[in-house]
Every structure is written in C-alpha cells, then in structure tokens.
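Results of the structural survey
Spelled out, the chains give:
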Amino acid sequence: MIHCLLWMIMRMVVFDSNVYLKGCFLKLSCCGQTVEETTSQELLSLLTLALPGSGNSMSCRILDKQLKTSTESSVAIADAFFPSTSPWLAAFVVILLLSMFLVLAAIYKIRNNNKEITRAQNARKQIEQDIDELKRKLDEQKRRFEKENEDAEKRIENVRNELKFRKARSNAVNITLDQTCKHPNLCISDDKRRVKSSDKKETALKAMVVATEGFPDKKHYWEVEVGNQSQWELGVVSENFRDVIMNNMGISPPVNSLFSLQYSQGKYILTGREDVSDCKQCSVVGVLLDVESSELSFYSVEEMSPLGSVVLEFTGKLYPFFSPDSSGKWLGVRPVKPQTYDPLPQGEKEINK
C-alpha cells in the first residue's frame, strides 16, 4: 500500500510537471529524515519501507542539477494503512502452544497407558495360562494319587483278606457225609466225601445231605469242590433240624434252623439277604464256622478272598450240609492240605501288624 502511494506521488511530481528527469536525483524524506536517494533510471525499482509510529508524513523531492531547480511533494498517510498487532495475539499463540503441548502430552500418556494395559492384559493371560496348566498338573497328580491310593487300599485289603483266609484255614477239620441223613434223590460216593443228584428233575424242596460231624464250639474250617455247577448251597443246620431230616426228608427247613451261602444265576446269596457279592464263579469254596463268635463265613479258595458271612441266630451243635444241583455232577468235600505261602513283603508285614 505504501509503495502504491509513493508511486502515485512520483507520477504527480514527474509526469504532471512534464519534466524529463534524466540525470536528476530523487530524495525521499520521512519526518525530515532522508530515507533514500536515487537517480531517475532507478525510479521504477525504488522500494521504500515505512514503519508504523515513524510519523504520518512522507515527501519526495526532485533535484535537477542542470537547471538547478528542485520540486518537492509530500503526502500524509493515515495510521489505518499501517498493519497493527492485536494484544490478544500473543495470548492466543501462548494458548495455542499450550493446547498443542497438552494434546501431545495427552496422546503420549494415552499411548503409554495403552502399552501398559496391553502388557497387563498379556501378563494376565499368561498368568491364567499358568494357572490352567498348574490346575491340569494338579488334577493329573490328584488322579494319579487317588489311583495309587486305591491300589494301595486294594493291596492292603487283599493282604488282610489273605491273612484272614490263612487263619481260617488253620482250623481245618475232616468232614464226612452221613448216609442216613440225606435226600432220597442224592447219591453219596463210597468215600463219603462227594454227593450228586441221581434225579435230574428239579424239585421244590432242597435236596441236601448233612455231615456226620457236629460242632458245639470253637472254630472249624472245611473246603467244598463245587466245580462248574450252575447252582448249589452250602452251610450249617441245627441239631434239631438234623434229627427232623433223618426222620422225614420231605419237609421244608423251619426259620432260623438253616444258614447258608447259595449260588444261583451267577450270584451269591446269603441266608435272609439279597445278592451280596459280584465275585466271579469259583470252583472251591471254603467254609469257616466260628461258634464262639456266632458267625459263618465263606471264602473263595482260588482268590483267597471272602465271599460273605452270616450271623448265626441259634446255639447248640451245628452240622455242615451240602446241596448240589440236578445236573448229576459231583459236589464234594476235599481234604485241606497244608499250604505253603511266599513270605510277605516288609511293608505288608507292617500292615498286618
């Protein structure tokens, strides 16, 4: 804007006066001070800078050395033509810079927080994976310990059963069958140790034979070979019922006069009870009569394990009895031979103690 004004002043001075300025000097003054001097050839390239606050008046003086004359023109410039700075600009710039700093700081903080959150999430996932892995290992160890504990309990139970069986077998006695106390359909061997059915038709009543020996007290053990018969029954009867059988074999045994173990349809059934054992079928059954404890126990000789026991509810002399099936196969008492055993391991000896 200032340059335009100066240009206009020069046109008024030079061209309106119709003066040829070759070899003339131009002197620009502002507030009585010379700002610039130049020749007429440099007039078009003259640039003058006016600053605000330096005054309102600017003049242009032309000196002609040949004619020794001078021409001067001046112009007053309003302050409105000078650019001014707003007092709020500095505050705005400061606020802008502070805002930018705060934004950058917030972005930096958010990024750091995101990184921290990501690291925390990764650490949490890793901890959860470690916990899951630890739980899996603990579950495996728990199952292994439970299995080992079950196996140990089974071994302990087997050792106890074997020990109990050995003690029971130490009370072995000889048993013979009484020819005078048997069912008419039963046949007894010459050695009076075996019995079988001579009639293959099943009867509603028990076809049994009673032993000659009776036991009023103490412990007594015998073994019976039952083979693979589909059903059989072993046990003891009271002396009163034995006398009744000798006189009349066609009657049913009264209540509490007979206690036994019966095998039928793959199940072992004790007197007055339901199925008490899921043991596999055995071919030799051991019977222990403990009169003092009023208990009758049965064992699987092959497994050396108990099949079950029943409490005796009567006193007096007790007689073993035997009842085979109707297949015609022999069921007999076998002699109990002394049996040798492998020594127990040290751990099992301590268990038995």
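Residues numbered from 1 in each chain as written. Predicted model: local features only at pLDDT ≥ 70, side-chain atom pairs only at ≥ 80, totals over all residues. Heavy atoms only, no water.

When helices and strands are counted, the chain shows four helices and 18 strands. For the chain, the residues scored as buried account for 32% of the 353 residues in total. A separation threshold of at least 6 residues defines the contact pool for the chain, and within that pool the share at least 24 residues apart is 66%. Of the roughly 22,900 Å² that the chain leaves accessible, carbon and sulfur atoms contribute 53%. (Helix = DSSP H or I, 4+ residues; strand = E, 2+ residues; numbered from the N terminus. Buried < 20%, exposed > 50% of the residue type's maximum accessible area, 1.4 Å probe, protein only. Contact = heavy atoms within 4.5 Å. Areas by Shrake-Rupley, 256 points an atom, 1.4 Å probe, with all protein chains shown as cover.)

Spatially, 6-7-18-9-14-15-16 is the arrangement adopted by the seven strands of the open sheet, whose pairing is antiparallel. On the outer flanks of this sheet lie strand 6 (186-188) and strand 16 (305-311), each paired with one strand and no other. The average angle at which neighbouring strand axes cross in this sheet is 25 degrees, direction not considered. Two strands pair when backbone bridges link them, and strand 15 (residues 295-300) and strand 16 are joined in this way by six bridges, in the antiparallel orientation. Counterpart to serine 300 in the pairing with strand 16 is serine 305. Against the sheet, helix 2 (residues 87-169) engages strand 9 (219-225), strand 14 (284-290), strand 15, strand 16 and strand 18 (331-334), with an angle of about 100 degrees to strand 9. (Pairing = 2+ DSSP bridges. Axes fitted to C-alpha atoms, helices over the stretch in contact; angles between N-to-C directions.)

Helix length check: helix 2, at 83 residues, gives a terminal C-alpha distance of 120 Å against a target of 123 Å (1.5 Å per residue), a fit within 8%. Turning to helix 2, its buried residues number three or more, namely Val159, Asn161, Glu162, Phe165, Ala168 and Arg169. (Expected span 1.5 Å × (residues − 1).)

Considering all chains together, one arrives at six aromatic pairs under this definition. Consider the rings of tryptophan 232 and tyrosine 263, whose centres lie 5.7 Å apart with planes at 15 degrees: the pair is stacked. Here tyrosine 263 lies in strand 11 (residues 258-264) and tryptophan 232 lies in strand 10 (residues 231-238), a separation of 31 residues in the sequence. Each of the two residues, tryptophan 232 as well as tyrosine 263, counts as buried. A ring pair is formed by tyrosine 263 and tyrosine 268, whose centres lie 5.0 Å apart and whose planes are at 50 degrees; its orientation type is tilted. The burial state of tyrosine 263 is the same as that of tyrosine 268; both residues are buried. Chaining the aromatic ring pairs together yields one cluster made of Phe165, Tyr221 and Tyr299. For the cation-ring pair, arginine 194 lies above tryptophan 330, with the distance from its terminal atom to the ring centre recorded as 4.6 Å. Lying over the aromatic face of tyrosine 319, arginine 242 brings its terminal NZ or CZ to 4.5 Å of the ring centre. (Phe/Tyr/Trp six-rings, centres within 6.5 Å; stacked < 30°, edge-to-face > 60°. Lys NZ or Arg CZ within 6 Å of the ring centre and 35° of its normal.)

What follows covers the pattern of salt bridges. Inspection of every chain in the model, using the stated rule, returns nine salt bridges. The partner of aspartate 151 in a salt bridge is lysine 147, and the shortest N-O contact between them spans 3.2 Å. Pair noted here: aspartate 151 and lysine 147 are both in helix 2, with a separation of four residues, about one helical turn. The partly exposed category is assigned to aspartate 151, whose relative accessible area is 27%. The shortest N-O distance in the salt bridge between glutamate 162 and arginine 166 comes to 2.5 Å. With glutamate 162 and arginine 166 both in helix 2 and four residues apart, this pair spans about one turn of that helix. With relative accessibility at 18%, the residue glutamate 162 sits in the buried group. One network of salt bridges, in which partners are shared, links Glu133, Arg136 and Glu140. (Salt bridge = Lys/Arg side-chain N within 4 Å of Asp/Glu carboxyl O.)

Mean pLDDT over the chain: 77, with 67% of residues reaching 70 or higher. When mean pLDDT is taken per element in the chain, strand 9 scores highest with 94 and helix 4 (residues 346-352) scores lowest with 47. Taken together, the stretch residues 13-26 has pLDDT below 50 and engages in 33 contacts with residues farther than four places along the chain or on a different chain. Predicted confidence for residues 40-54 stays below pLDDT 50, and this span has 28 contacts to residues more than four positions away or in other chains. (pLDDT = per-residue confidence, 0-100.)

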